Amino acid sequence: MLVYTGKSSTNEKNYKKISESLYYSELISKIIDAAENLGYLVLVSYINKKGTTWEKIFANGIIDGALVISGGKKFKEIENLINSKNKIVLLDYEKNIANSTVSVINPNHFEGGYKATQYLIENGHENILHLTGEIKRKTSIKRARGYLKCLKDNNIEKQKIISGKFTQESSYKIIDEYIKKNKAFDYTAIFAGNDYIALGAMRALAKHGIDVPKKVSIIGYDNMELCEYTTPKITSINHLDDFIAEKALVKLMNILKGEQGVIENTEIRVIERGSVLNIKAK
């Protein structure tokens, strides 16, 4: 398994370690468990510009194929891996690719952004802030477009997108400074670009005595395990299937058998918890 984690949130000169992200840790854990159930052993390695080892791993015959977790980004080293003709399955990549050596399993992040926004609207919210990470990332752009299209389809003119980083520290700072500057928080709901952003926003709102969800509702994205351990528990978008690990492994085994690669889109679901209030019921 090859993992591209992107730049570290604490030091941009370094690449993020798997331990820095619950999202990666949870997904990798699922893949390891599923592989063991199928009788396979998993080797985990990073794929980035510093100390890239995938060429050596394949050349030494250590592995037959690889699952590649790309973090939703197009990255030159992953492009090189695709072009190398080694047998791989890409998870959450920016492009849909399928040939004799590559399969891809991708979420529809436009649909994810649309469904998150629609869920808030169905609960009576029309004044919705989209708080996202780096807006240059294609996954961020697709979610933002889904948010904007949903507002348009529901004849809601007011829209606002604020971008920062995909960390709770970033979102905490953004919301904290917004409230200090405006002496209030004039949105009834936040669509957060991931669950870390949702958590940071919740902390900042709590600092200023703004209750979630009584005053502001929040929906996250990624459906990480942390959503179950916050107060309130975070409603979130699940953009990877419950059996994503098993599906990815089966697709890799099919390619190893000589079958043609395929493109599959995951099911996008809202996982309801306690961070969104239905204000229609007031």
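Thresholds applied
Throughout this description, residue numbers start from 1 for each chain and increase along the sequence as written. Per-residue local features are limited, in this predicted model, to residues with pLDDT of at least 70; the limit for side-chain atom pairs, both in listing and counting, is 80 or more; totals at the level of whole chains, interfaces and linings are taken over all residues. Calculation of side-chain values draws on the structure's entire complement of heavy atoms; hydrogens and water are dropped beforehand. At least two bridges found by DSSP between two strands is the condition for calling them paired. A run of H or I in DSSP becomes a helix once it reaches four residues, and a run of E becomes a strand once it reaches two; helices and strands are each numbered from the N terminus. In this description, a line fitted to the C-alpha atoms serves as the axis of each element, helices being fitted only across the stretch in contact, and the angle between N-to-C directions of two axes falls anywhere from 0 to 180 degrees. In what follows, a contact means two residues having at least one pair of non-hydrogen atoms within 4.5 Å. Within 6.5 Å between ring centres, the rings of Phe, Tyr and Trp (the latter by its six-membered ring) count as paired, and their orientation is classed by plane angle as stacked under 30 degrees, edge-to-face over 60, tilted in between. Throughout this description, buried means an accessible area under 20% of the type-specific maximum (1.4 Å probe, protein chains only), exposed means over 50%, and partly exposed covers the range between. Criterion for a charge above a ring: Arg CZ or Lys NZ at most 6 Å from the ring centre, at most 35 degrees from the ring normal.

Where an unreviewed UniProt entry is consulted, the chain appears under the name Transcriptional regulator LacI/GalR-like sensor domain-containing protein, with the organism given as Fusobacterium ulcerans 12-1B.

Draft legend 1. Geometry of the sheet that holds strand β9 (residues 217-221). Taken together, the six strands give an open sheet; going across it, the order is β7-β6-β8-β9-β10-β12, and neighbouring strands pair in mixed fashion. Only two strands of the sheet have a single partner each, and these edge strands are β7 (160-163) and β12 (269-271). For this sheet, the mean angle separating the axes of adjacent strands, direction not counted, is 20 degrees. Two elements, strand β10 (residues 235-238) and β12, share three bridges in a ladder whose sense is antiparallel. If you follow S236 over to β12, its bridge partner there is I271. Running over the sheet, helix α6 (residues 168-182) touches β6 (128-132), β7 and β8 (189-192) and is turned about 140 degrees from β6.

Draft legend 2. The sheet that holds strand β5 (residues 102-106), seen in detail. Taking strand neighbours across the sheet as the criterion, the six strands line up as β2-β1-β3-β4-β5-β11 in an open arrangement whose pairing is parallel. In this open sheet, the two strands that pair with only one neighbour each are β2 (45-46) and β11 (263-265). Pairing between strand β3 (residues 65-69) and strand β4 (residues 87-91): five bridges, direction parallel. Within β4, the residue paired with I69 across the bridge is L91. Taken strand by strand, helix α1 (residues 22-37) contacts β1 (2-3), β3 and β4, and its axis lies near 155 degrees from that of β3. Against the sheet, helix α3 (residues 76-83) contacts β1, β3, β4 and β5, and its axis sits at roughly 140 degrees relative to β4.

Draft legend 3. Local environment of the packing of aromatic side chains. One pass over the structure, following the stated rule, counts five aromatic pairs. Taken together, a centroid distance of 6.4 Å and an interplanar angle of 35 degrees make the contact between F110 and Y114 tilted. Of this pair, F110 and Y114 both sit in helix α4 (residues 109-122), four residues apart, which is roughly one turn of the helix. Taking relative accessible area as the criterion, Y114 reaches 22% and is therefore assigned partly exposed. On the basis of an interplanar angle of 70 degrees and a centroid distance of 5.6 Å, the ring pair of Y178 and F185 is categorised as edge-to-face. The same class applies to Y178 as to F185, namely buried. Taken together, the aromatic side chains of Y178, F185 and Y187 make up a single cluster linked through ring pairs. Cation over ring: R143 sits above Y221, and NZ or CZ is 3.8 Å from the ring centre. Between the NZ or CZ atom of K158 and the centre of the ring of Y187, over which it lies, the distance is 5.1 Å.

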